[in-house]
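# Report on the structure
Residue strings, one per chain:
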Amino acid sequence: MSTPNEQHLDRDAEIITFPGSQEQDSEPVQATAERLTEAVTSTDEVVDAELVEPSTEVAPRKPVVPPALASKASAAAPVVKDAGLTVLRHSYFLVAGAWDTFSTTYGRWTGRDIDAQIAAAQAAGEHAVAADLLRQRAESKKLFLERLKVWGQFLKHLPIGLAGLVGAVFGIVFVASIIAALQPGGLGFTDVWSGFFSALNSGFEFVAWAATWSPWAGLAVLLGVLGSGYNKRRHRQAVPAFLAAPGSGVGEVEVTPSVVVSALRRAGIPALRRAIENMDEHQRAAMLSPIRLAGCGVEVDVTLPTSGDTTVTTEQIRAKRRALAEGLGRHEHEVFITKAEAARTVRFWIADSGALDEPIGESPLVGDGFDKADVFSGKAPWGVTLRGAPFLLKLWQCHLLITGLSNQGKTAALRSLLLWLLLDPSVEVHLADLKGVGDYNMLKPLVSSYIAGPTDEHVAEATVMLEWAVGEMNRRIEEIEANADAYPNGITAALSRDVTSGFHPIVLVVDEAQVAYECPAKDDDGLPLGGSKATSRFFNAVRKIQNQGRAVNVTFWQGTQDPTNENLPIRARNGAHVRASLVVATESQSRMALGDAAVDAGGAAPHELRQGKDKGVLVVKDADNTIETVRTHFIDGTSAEQVAERARIVRAGTRFHRTEPAEQQRDLLDDVATVLEDADKVKATDVVARLRKLAPDHRAYQALDGTKLKDQLATLGVEVKKADGIPTVYTHRVHTALAAREGGSETS
Ligand SMILES: Nc1ncnc2c1ncn2[C@@H]1O[C@H](COP(=O)(O)OP(=O)(O)OP(=O)(O)O)[C@@H](O)[C@H]1O
């Protein structure tokens with residue numbers, strides 16, 4: 001979905017702007033892949049003990065495939081493969097169905113079918129059934145012989161019977177012809193015979209005519225037989241697994257209690273195997289809850305055995321996921337193992353074979369009817385859970401984090417939430433896409449800031465965007481503190497929905513936030529933009545919003561790639577209320593993405609998803625700490641544009657309340673006097689620390705150190721001298737400088 005695109009930053013009068021808006025022109029990159037054949041073969045190889053002459057023959061050059069054609073071909077390949085499989089599958093139904101019909105008929109005639117049933121019953125130890133079948137076979141053999149005898153008798157008597165019939169007919173005709181001849185004025189003797197022969201002739205002609213249709217009739221019967229065999233196979237989907245249609249359940253092992261117990265016994269946990277082997281049938285059955293249907297799979301709880309020194313833990317079970325999946329006749333990714341509410345109980349969710357690879361429906365957002373959202377009371381439709389239930393996410397006053405490996409659907413998932421959010425006209429969105437390849441282009445007219453690009457300048461702009469939000473957050477906090485009586489219930493629905501109230505929702509979105517956390521650049525005051533130090537500007541703004549923004553409707557959403565401690569600081573990830581992870585490489589990354597509790601207690605395991613195959617599949621921990629694996633709806637660029645257009649109509653005329661925070665002016669001399677308090681002298685570095693604490697939002701103080709303080713105070717007439725070798729600020733010097741300044745200003 002990432003396509004090179006132009007980024008334009010146009011700002012409407014009512015929209016706050018940030019410095020550094022830029023236009024980005026990115027040239028489409030064209031690459032032509034050319035494979036050169038090896039021109040010269042090996043010159044000194046011995047083949048069949050003969051010295052081969054050096055070959056000077058140049059291998060023919062392979063045709064160069066233009067990249068466009070190559071990508072079309074690779075896109076067409078799965079379609080061709082599917083079509084081929086469909087043809088093969090239906091041919092198989094036809095041929096195998098015909099064979100079934102033939103072998104059933106043959107088996108019935110020869111009694112082989114019953115022989116097979118007897119053998120199966122004997123093999124299963126069902127001797128009573130086998131004896132019954134043997135009796136049936138003996139009876140049907142007797143019946144068959146009796147039938148043969150009857151038929152033999154019949155055939156033996158057939159010629160005599162036929163001769164008798166012909167004789168009787170001729171006799172009747174002869175008598176009828178004599179009676180006719182004797183009747184005056186009636187038919188003559190010959191007339192009756194000629195009438196009889198002409199009727200006979202017509203009969204023969206009819207039979208001959210009917211015989212001309214017999215090939216067609218035979219063909220119809222044959223087709224009927226073939227069709228019936230084909231249909232029976234098709235209904236049962238009786239094909240080898242490699243020809244099966246996806247989701248048809250072919251090759252699927254039905255999850256029964258005995259299959260589950262047997263999978264547990266063979267999972268490779270000796271204590272569990274011993275415990276199960278020592279159980280009787282009733283104890284084994286008691287281990288399992290009823291097997292319930294759950295979406296496109298089934299769910300069963302297993303109570304782990306403890307007896308004597310045998311204890312099996314959930315962790316041991318989870319560690320054997322692959323072996324358990326194999327025992328259940330599934331792929332590893334089709335079995336999810338979590339803790340159930342009851343003690344010592346693990347919950348298995350087992351997908352129907354292949355069901356997880358079936359596409360889910362399109363997002364409800366894409367339908368025309370969805371033209372408004374309400375972040376205060378509504379929930380964003382994001383996808384479906386493994387149980388097939390729609391997954392809706394509450395976003396009201398939630399900080400959000402989406403992470404995962406690259407190219408697995410992070411931007412698509414974040415964008416679909418944003419599309420829903422923007423359908424609520426009361427929400428003000430500021431967006432920084434630090435990849436900047438146009439994934440959010442369609443949202444540009446809808447957001448109040450739009451930054452797109454990966455450079456340090458873009459990181460600086462995103463930082464300013466967040467710092468503006470910190471200022472706005474502080475303004476809101478101060479206003480509520482100062483007018484506590486006016487806001488007895490904090491931010492109500494009415495305040496939140498009123499875009500002129502000054503308390504409407506503000507959502508700051510930074511996609512590819514790792515670019516900012518890892519940014520090595522420093523600002524003009526020498527403060528780092530990236531990193532996670534106390535002075536790191538981006539991180540500090542995130543921290544402040546995550547700490548205090550929620551209650552005043554200022555929230556932060558971030559998307560990051562391939563989380564590490566460096567590119568996603570621990571404080572920044574723990575500050576998110578909603579945490580979602582696409583596939584990650586390791587369990588430790590799952591812990592970074594979702595937190596230890598989600599992995600340990602909740603069984604969240606995004607590292608067990610399949611890279612490349614589970615695109616858009618997220619393990620989500622929501623604000624209520626519920627953990628769910630969600631297959632998100634994919635809203636492609638074209639559909640996203642249509643939803644954005646609806647949002648544009650809904651938001652037409654929206655004017656957000658603006659109070660620009662006044663640029664804070666600080667007086668260093670005054671502030672130093674304040675932080676020195678009653679002390680005679682304080683170490684310069686301690687003064688710096690106190691100044692930072694006094695005005696945490698004043699960037700100049702964040703950039704101070706002992707030497708810079710010494711230089712700045714010197715310009716204000718305060719000399720920082722060493723006491724015991726340590727630069728120290730003397731209070732009387734500060735007060736003297738203050739008095740001199742005041743005296744000076746009085747005289748001037
Ligand atoms: N929900 C989904 N269902 C199916 N396929 C999806 C889904 N989401 C994304 N994809 C596929 O994955 C591709 C990559 O998606 P996207 O650009 O969102 O990934 P990303 O994780 O943001 O990548 P990166 O981190 O490299 O920027 C999309 O082009 C799309 O083909």
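Calculation criteria
- Residues numbered from 1 in each chain as written.
- Predicted model: local features only at pLDDT ≥ 70, side-chain atom pairs only at ≥ 80, totals over all residues.
- Heavy atoms only, no water.
- Helix = DSSP H or I, 4+ residues; strand = E, 2+ residues; numbered from the N terminus.
- Buried < 20%, exposed > 50% of the residue type's maximum accessible area, 1.4 Å probe, protein only.
- Areas by Shrake-Rupley, 256 points an atom, 1.4 Å probe, with all protein chains shown as cover.
- Pairing = 2+ DSSP bridges.
- Axes fitted to C-alpha atoms, helices over the stretch in contact; angles between N-to-C directions.
- Core = buried A, V, L, I, M, F, W, Y, C linked by side-chain atoms within 4.5 Å.
- Contact = heavy atoms within 4.5 Å.
- UniProt positions renumbered as here; feature names shortened; annotations may be inferred.
- Expected span 1.5 Å × (residues − 1).
- Near = heavy atom within 4 Å.
- Polar contact = N/O pair within 3.5 Å; in protein donor to acceptor, adjacent residues only side chain to side chain.
- Nonpolar A, V, L, I, M, F, W, Y, C, P; charged D, E, K, R; others polar.
- Patch = residues over 30% accessible without salt bridge, like charges linked within 9 Å, V, L, I, M, F, W, Y side chains within 5 Å.
- Salt bridge = Lys/Arg side-chain N within 4 Å of Asp/Glu carboxyl O.
- Phe/Tyr/Trp six-rings, centres within 6.5 Å; stacked < 30°, edge-to-face > 60°.
- Lys NZ or Arg CZ within 6 Å of the ring centre and 35° of its normal.
- Parallel < 35°, antiparallel > 145°, perpendicular 65-115°, else oblique.

For the chain, the helix and strand inventory stands at 24 helices and 21 strands. Burial status across the chain gives 41% buried among its 748 residues. With an accessible surface of roughly 40,700 Å², the chain has 57% of that area assigned to carbon and sulfur atoms.

Taken in spatial order, the three strands of this open sheet run S19-S21-S20, and their pairing is antiparallel. Among the strands making up the open sheet, the edge pair consists of strand S19 (681-683) and strand S20 (721-723). Geometrically, the sheet is characterised by an average inter-axis angle of 50 degrees between neighbouring strands, direction not taken into account. Where S20 meets strand S21 (residues 726-730), three bridges bridge the pair, whose relative direction is antiparallel. The partner of Lys-722 across the bridge, within S21, is Pro-727.

Before going further, it helps to spend a moment on the nonpolar core. Counting 46 residues, the largest nonpolar core has Trp-382, Leu-443 and Trp-557 as the members making the most contacts within it. The dominant element in this core, judged by the number of residues it contributes, is helix H11 (residues 410-422), at eight residues. Setting aside its immediate chain neighbours within four residues, Leu-443 contacts Arg-415, Leu-418, Leu-419, Leu-422, Leu-431 and Ala-644. If you look at the next biggest cluster of nonpolar residues, it comprises 37 residues, including Ala-469, Leu-495, Phe-503 and Ile-545.

Under the present numbering, the feature "binding site: ATP" (unreviewed entry) in UniProt falls on Gly-404, Leu-405, Ser-406, Asn-407, Gln-408, Gly-409, Lys-410 and Thr-411. Along the chain, the position of Leu-405 falls in the loop between strand S11 (400-404) and H11. Overall, the relative accessible area of 9% leaves Leu-405 in the buried class. Discounting residues that sit within four places of it in the chain, Leu-405 has contacts with Gln-561, Asp-562, Val-583, Val-584, Ala-585, Gln-589 and Gln-611. Its location among the elements puts Gly-409 in the loop between S11 and H11. In this structure Gly-409 comes out as partly exposed when scored by relative accessible area, which is 24%. Beyond its immediate sequence surroundings of up to four residues, Gly-409 is in contact with Leu-582 and Gly-616.

Attention now goes to H11. With 13 residues, H11 should reach 18 Å at 1.5 Å per residue; the first-to-last C-alpha distance of 18 Å fits that figure. Taken across its 13 residues, H11 has 13 buried, putting it largely inside the fold.

Judged by pairing direction, the sheet is mixed, and its ten strands sit side by side in the order S10-S9-S18-S17-S16-S11-S15-S14-S12-S13 without closing on themselves. Every interior strand has two partners, whereas the edge strands, strand S10 (390-393) and strand S13 (449-452), have only one. Within this sheet the neighbouring strands show an average axis-to-axis angle of 25 degrees, counted without direction. Bridge analysis of strand S12 (residues 428-433) against S13 gives four bridges, and the strand direction is parallel. Bridging across to S13, His-430 finds its partner in Ser-449. Its contacts with the sheet place H11 against strand S9 (380-385), S10, S11, S12, strand S14 (506-511), strand S15 (554-561) and strand S17 (617-621), and it is angled at close to 160 degrees to S15.

The immediate surroundings of the ligand are formed by 16 residues, with Ser-406, Thr-411, Ala-412, Lys-435 and Gln-561 found nearest. With respect to the ligand, the side chain of Ser-406 contributes an N or O atom lying 2.7 Å from an oxygen atom. In this structure, an oxygen atom belonging to the ligand sits 2.9 Å away from a main-chain N or O atom of Lys-410. Here the ligand has 630 Å² of accessible area as a free molecule, and 82% of this is covered by the chains. Ranked by the residues each element gives to the shell around the ligand, the list is headed by H11, at three residues. Across the shell around the ligand, the residue classes break down as three nonpolar, nine polar and four charged.

Turning next to a nonpolar patch on the surface. On the surface, Trp-151, Phe-154, Leu-155, Leu-158, Leu-162, Leu-165, Val-166, Val-169, Phe-170, Phe-197, Leu-200 and Phe-204 cluster together to form a nonpolar patch covering roughly 1,100 Å² of accessible area. Of the residues forming the nonpolar patch, the biggest block, nine residues, is contributed by helix H3 (residues 127-182). With respect to the helices and strands, Phe-204 occurs in helix H4 (residues 189-212).

Mapped onto the fold, Met-592 is located in helix H17 (residues 587-594). Met-592 gets classed as buried once you look at its relative accessible area, which sits at 13%. Counting along the chain gives 24 residues from Met-592 to Leu-568, while the straight-line C-alpha distance between them is 8.4 Å. Not counting the four nearest positions on each side in its chain, Met-592 is found in contact with Pro-563, Thr-564, Asn-565, Arg-573 and Arg-579.

Bringing the packing of aromatic side chains into the picture now. All told, the structure shown has 17 aromatic pairs when counted by the stated rule. For the ring pair Trp-99 and Phe-102, a centre distance of 5.6 Å and an interplane angle of 40 degrees mean the geometry is tilted. Highlighted residues: Trp-99 and Phe-102, both in helix H1 (residues 67-110), separated by three residues, approximately one helical turn. Phe-102 carries the same exposure label as Trp-99, and that label is exposed. Seen from their ring centres, Tyr-487 and Phe-503 are 5.1 Å apart, and the 70 degrees between their planes marks the pair as edge-to-face. Residue Tyr-487 is found in the loop between helix H12 (456-482) and helix H13 (493-497), and its partner Phe-503 is found in the loop between H13 and S14; the two are separated by 16 residues along the sequence. Judged by its relative accessible area of 0%, Phe-503 is buried. When the ring centre of Phe-336 is taken as reference, the NZ or CZ atom of Arg-321 above it lies at 5.5 Å.

Our focus in this paragraph is the environment of Pro-520. Tracing the sequence through the fold places Pro-520 in the loop between helix H14 (514-517) and helix H15 (537-548). Between the alpha carbons of Pro-520 and Asp-456 there is a distance of 8.2 Å; along the sequence they are 64 residues apart.

Turning our attention to the packing of helix H20 (residues 668-676) against helix H21 (residues 684-694). At a closest axis distance of 9 Å, the pairing of H20 and H21 adopts a crossing angle of 105 degrees. Relative to H21, the element H20 is oriented roughly perpendicular. Where H20 abuts H21, its residues Leu-668, Asp-671, Val-672, Val-675 and Leu-676 lie against Val-687, Arg-690, Leu-691 and Leu-694. The residue makeup of the contact of H20 with H21, split by class, is seven nonpolar, no polar and two charged.

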